[in-house]
Each structure stands twice: as structure tokens, then as C-alpha cells.
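Observations on chain architecture
Below, each chain spelled out in residue letters.
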Amino acid sequence: MDMTSTISPQFDRFTFVDVLIRAVRTMGAAATLAELRRGRPAITTDGYHDTVAVFYVWAVDRLVAAGLSDTQIHWHPLVDGGSVHAWWDDTTLRSQRARERFVASTRALVGEPAPFEPRALVAA
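Residues numbered from 1 in each chain as written. Predicted model: local features only at pLDDT ≥ 70, side-chain atom pairs only at ≥ 80, totals over all residues. Heavy atoms only, no water.

1. Focus on the overall build of the protein
Worth spelling out the cut-off: The secondary structure listing takes helices from DSSP runs of H or I that are at least 4 residues long and strands from runs of E that are at least 2 residues long, numbered from the N terminus. The contact rule is simple, with two residues in contact once any of their heavy atoms fall within 4.5 Å.
Counting its secondary structure elements, the protein contains seven helices and zero strands. Long-range contacts, defined here as pairs at least 24 residues apart, represent 56% of the contacts in the protein between residues at least 6 apart.

Here's what the structure looks like:
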């Protein structure tokens with residue numbers, strides 16, 4: 001699935017989430033993240049942001065796994081544009097490091113669910 005041709009040059013959160021829902025449902029979270037990283041679409045006003053990309057894939061994957069419909073996912077506060085700030089402080093999100101590669105949550109407490117990079121399952 002070529003996500004870069006589907007996402008408009010000017011970031012549109014609804015379209016982005018819609019593409020993620022379809023991708024996670026058809027190829028899984030790890031493959032979806034790999035596609036995002038390959039295409040590096042502009043998902044923030046400053047371009048591609050790996051920590052934000054991981055967050056959205058993680059969020060959509062959780063909601064798909066919970067059995068929500070596409071409409072329910074779009075309405076869910078977890079995929080709201082500001083919800084990424086529940087897991088990271090602004091300084092971290094603005095950092096070059098967080099833009100280039102995933103940075104673990106700075107706000108999740110021990111034992112709370114926190115965004116993580118999905119990994120492809122490898123057959124033993």
C-alpha cells in the first residue's frame with residue numbers, strides 16, 4: 001500500500017488516520033509503520049516526524065484490536081490531533097531526535113500503556 005500517494009501534501013489528519021486504519025487492518029501495524037518510514041510523508045507542519053508516526057500507528061492498532069469500526073476510530077479521542085501531548089512533553093516532541101526516530105513516552109507512568117514501535121512477528 002503506497003501511503004505517500006494517498007496522503008495529501010498538506011497534512012489532513014482525517015485522511016491520514018483513514019489510511020492508517022486500512023493499512024493496519026490489511027497488513028498489520030509493523031508493516032504500516034515500515035511503509036510510513038519508507039515514504040516519510042509530511043504528518044506534521046514541519047514534515048515527517050517518526051515519534052508521531054509511531055504514536056498514530058500504535059493508537060490505530062489498539063483501536064482496531066479493540067474491535068472498533070472505522071467510524072468509531074475516527075471519533076475516538078486517542079486519534080485526536082492533540083492526544084500525542086498526553087504522552088510527550090513539547091520539548092521532546094520538538095526535538096530533532098524525536099523527529100528522526102521514535103523516542104519513548106516522557107509522560108506515561110510505570111504500568112500505564114504507552115506507545116511503542118510495533119515489531120513484525122518472526123516465525124521460529
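2. Section: helix H4 (residues 50–65)
Selection criterion: An expected span of 1.5 Å times one less than the residue number is assigned to each helix. Partly exposed describes any residue whose relative accessible area lies between the buried limit of under 20% and the exposed limit of over 50%, with all areas from a 1.4 Å probe on protein chains only and scaled to the type maximum.
For H4, built from 16 residues, the straight-helix expectation of 22 Å at 1.5 Å per residue is met to within 8% by its first-to-last C-alpha distance of 22 Å. Among the 16 residues of H4, 13 are classified as buried, and the element is accordingly described as predominantly covered. One or two residues past the end of H4 sits Gly67, with phi positive at roughly 90 degrees.

3. Regarding the packing of helix H2 (residues 13–27) against H4
Between two packed helices, the angle of one axis relative to the other and the distance separating the axes together describe the packing. Which entries qualify depends on this criterion: Orientation is described by axes fitted as lines to C-alpha atoms, over the contacting stretch for helices, and by angles from 0 to 180 degrees between their N-to-C directions. Orientation labels follow simple angle bins: below 35 degrees gives roughly parallel, above 145 gives roughly antiparallel, 65 to 115 gives roughly perpendicular, and whatever is left gives oblique. The crossing is said to be left-handed when, going from far helix to near helix, the turn is anticlockwise and less than a right angle, and right-handed when the turn is clockwise. Asp, Glu, Lys and Arg are counted as charged, while Ala, Val, Leu, Ile, Met, Phe, Trp, Tyr, Cys and Pro are counted as nonpolar; the rest, among them Gly, fall into the polar class.
Close contact between H2 and H4 brings their axes to 9 Å; oriented N to C, the two are set at 60 degrees. When the axes of H2 and H4 are compared, the pair comes out oblique. H2 and H4 meet at a crossing whose hand is right-handed. Note on element contacts: H4 touches H2 through Tyr56, Val57, Val60, Asp61 and Val64, opposite Arg13, Phe16, Val17, Leu20, Ile21, Val24 and Arg25. Among the residues forming the contact of H2 with H4, the class breakdown is nine nonpolar, no polar and three charged.

4. Some details on the side chain of Thr51
How we decide: Two N or O atoms form a polar contact when they lie within 3.5 Å of each other; inside protein one atom must be a possible hydrogen donor and the other a possible acceptor, and for residues adjacent in sequence the pair counts only when both atoms belong to side chains.
As for its position among the elements, Thr51 is in helix H4. Given a relative accessible area of 0%, Thr51 falls into the buried group. Here the side chain of Thr51 touches Val103 through a polar contact of 3.1 Å, landing on its backbone nitrogen. Apart from residues lying up to four places away in sequence, Thr51 is in contact with Trp88, Leu93, Ala98, Arg101, Phe102 and Val103.

5. Quick look at H2
Taking 1.5 Å of rise per residue, 15 residues should cover 21 Å, and H2 covers 20 Å from first to last C-alpha, within 8% of that figure. What H2 keeps buried is the set Phe16, Val17, Val19, Leu20, Ile21, Ala23 and Val24. At the N-terminal boundary of H2, the capping side chain belongs to Asp12, with an oxygen 3.2 Å from the backbone nitrogen of Phe14.

6. With respect to the packing of aromatic side chains
Where we set the bar: Geometry of aromatic contacts follows a simple scheme: Phe, Tyr and Trp rings, the Trp one being its six-membered ring, pair when their centres are within 6.5 Å, and the pair is stacked under 30 degrees between planes, edge-to-face over 60, tilted otherwise.
Across all of its chains, the model carries seven aromatic pairs by this definition. Between Phe16 and Tyr56, the ring centres sit 5.4 Å apart and the planes meet at 80 degrees, which makes this aromatic pair edge-to-face. Separated by 40 residues along the polypeptide, Phe16 in helix H2 and Tyr56 in helix H4 bring together distant segments of the chain. By the ring-pair criterion, three or more aromatic residues cluster together here, those being Phe16, Phe55, Tyr56, Trp58, Trp87, Trp88 and Phe102.

7. What about the nonpolar core?
The criterion, for reference: Grouping buried Ala, Val, Leu, Ile, Met, Phe, Trp, Tyr and Cys residues that are joined through side-chain atoms within 4.5 Å yields what is termed a nonpolar core.
Phe55, Tyr56, Val60, Ile73 and Val79 are the most contacted members of the largest nonpolar core, which totals 30 residues. Broken down by secondary-structure element, the contributors of at least two residues to this core are H2, helix H3 (29–39) and H4. The element that contributes the greatest number of residues to this core is H4, accounting for 11 residues.

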